[in-house]
Each structure stands twice: as structure tokens, then as C-alpha cells.
Amino acid sequence: MKVPVSVIRLPRGPDGTSRGFDPNSPRYQALSPISISTMGCGNEADLEQEQQARVALRERYLRSLFAMVGHTIHFTMYERVNVSAFFDASDIDILNFQVSDLQTPLGVHREALLRCSDIISYTFEL
């Protein structure tokens, strides 16, 4: 027996014919490859300084992910739900965390994927 599958469509865009997000919305600008601060008439020195700051922050974040492997991590999730698990890996875009022995208010899950968009904060001890 075939099961029908519903199709989800994006809402109409601001021009009425396209589908997607308004290019002028804060969410679109935050996710765009060009940052808001560099969209204006910035000079070359400011752009270089911003890029160096991004490089340093990205490197620190990636090193912290590497240090998390094998440690118990305490996550504060959406709706302030607290869970803990052993961190195993992240996907290349850092959109999901693979964890094991996830302890939730409903029980323990042997393996799980946590969406990073659902995580408010996380802590771990070295």
C-alpha cells in the first residue's frame, strides 16, 4: 500500500513570485556569506581585521570541539531541557552533534544526533 507524502513549500517571498526569505531581513543577512559590517563602505583594513577575528574564533571553536570528544557534555536545550551525553563527533557543517549515552528526563538513549540549532549552551570539564 502506498502512503501519500505531503509536500512542504516555502512561503511566498516579498516580491510575491519567488519562494524564500526576504533578502533585507535580519535572519537572511546573518546567514549570508557577506557580513553586515562589510556590506557598507568599509575600508580594506577593517575587512582584514574582521577576517582575522573570524579566523581566530573559528580556530578556538574547532579546538574546543576536538577537546570535547570522549568527555561528558552537559547540554541546555531548547525549552531549557538539560541533558548530558558523551560527545562523539560533529558533521562537517557543525549542524549536528553525534552523542552516546544521552541522559534525558525521559530516559537514556544509547546513540543520538543533537541538532545544534536546538542547543542553547553546553559545558564540559577538561
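Residues numbered from 1 in each chain as written. Predicted model: local features only at pLDDT ≥ 70, side-chain atom pairs only at ≥ 80, totals over all residues. Heavy atoms only, no water.

Under an unreviewed UniProt entry, the name given to the protein is Adenosylhomocysteinase, and the source organism is Platysternon megacephalum.

Draft legend 1. The pairing of strand β4 (residues 107-115), seen in detail. Two elements, strand β3 (residues 96-104) and β4, share 8 bridges in a ladder whose sense is antiparallel. Within β4, the position partnered with F97 by the bridge is L114. (Pairing = 2+ DSSP bridges. Helix = DSSP H or I, 4+ residues; strand = E, 2+ residues; numbered from the N terminus.)

Draft legend 2. Structural context of the nonpolar core. F75, F97, V99, L102 and L114 are the most contacted members of the largest nonpolar core, which totals 16 residues. Elements that contribute at least two residues to this core include exactly α3 (44-68), β1 (72-77), β2 (82-90), β3 and β4. If we skip the residues at most four places from it in the chain, L102 touches V83, S84, A85, G107, V108, H109, A112 and L114. (Core = buried A, V, L, I, M, F, W, Y, C linked by side-chain atoms within 4.5 Å. Buried < 20%, exposed > 50% of the residue type's maximum accessible area, 1.4 Å probe, protein only. Contact = heavy atoms within 4.5 Å.)

Draft legend 3. Fine view of unusual backbone geometry. Of note in the backbone geometry, I94 takes a positive phi value of approximately 55° without being a glycine. A positive phi angle, close to 50°, is found at D101, a residue other than glycine. Within the fold, D101 resides in strand β3. Given a relative accessible area of 36%, D101 falls into the partly exposed group.

Draft legend 4. Highlighting the pairing of β3. Where β2 lies against β3, 5 bridges are found, and the strand directions are antiparallel. Bridged to F86 within β3 is S100. Counting the residues between successive antiparallel strands, the hairpin from β2 to β3 contains 5 residues, one of them, I94, with a positive phi of roughly 55°. Counted between consecutive antiparallel strands, the loop separating β3 from β4 contains 2 residues.

Draft legend 5. Focus on the pattern of salt bridges. Counting across every chain of the model gives 3 salt bridges. Measuring nitrogen to oxygen at the nearest pair gives 2.9 Å for the salt bridge that ties R54 to E50. In this pair, R54 and E50 both sit in helix α3, 4 residues apart, roughly one turn of the helix. Accessibility expressed as a relative area gives 45% for R54, which makes it partly exposed. The closest approach of N and O atoms between E59 and R63, which form a salt bridge, is 2.9 Å. Residue E59 and its partner R63 are both found in helix α3; the two are separated by 4 residues, about one turn of the helix. By relative accessible area, which is 39% here, E59 ends up partly exposed. Take R63: its relative accessible area is 57%, and that puts it in the exposed class. (Salt bridge = Lys/Arg side-chain N within 4 Å of Asp/Glu carboxyl O.)

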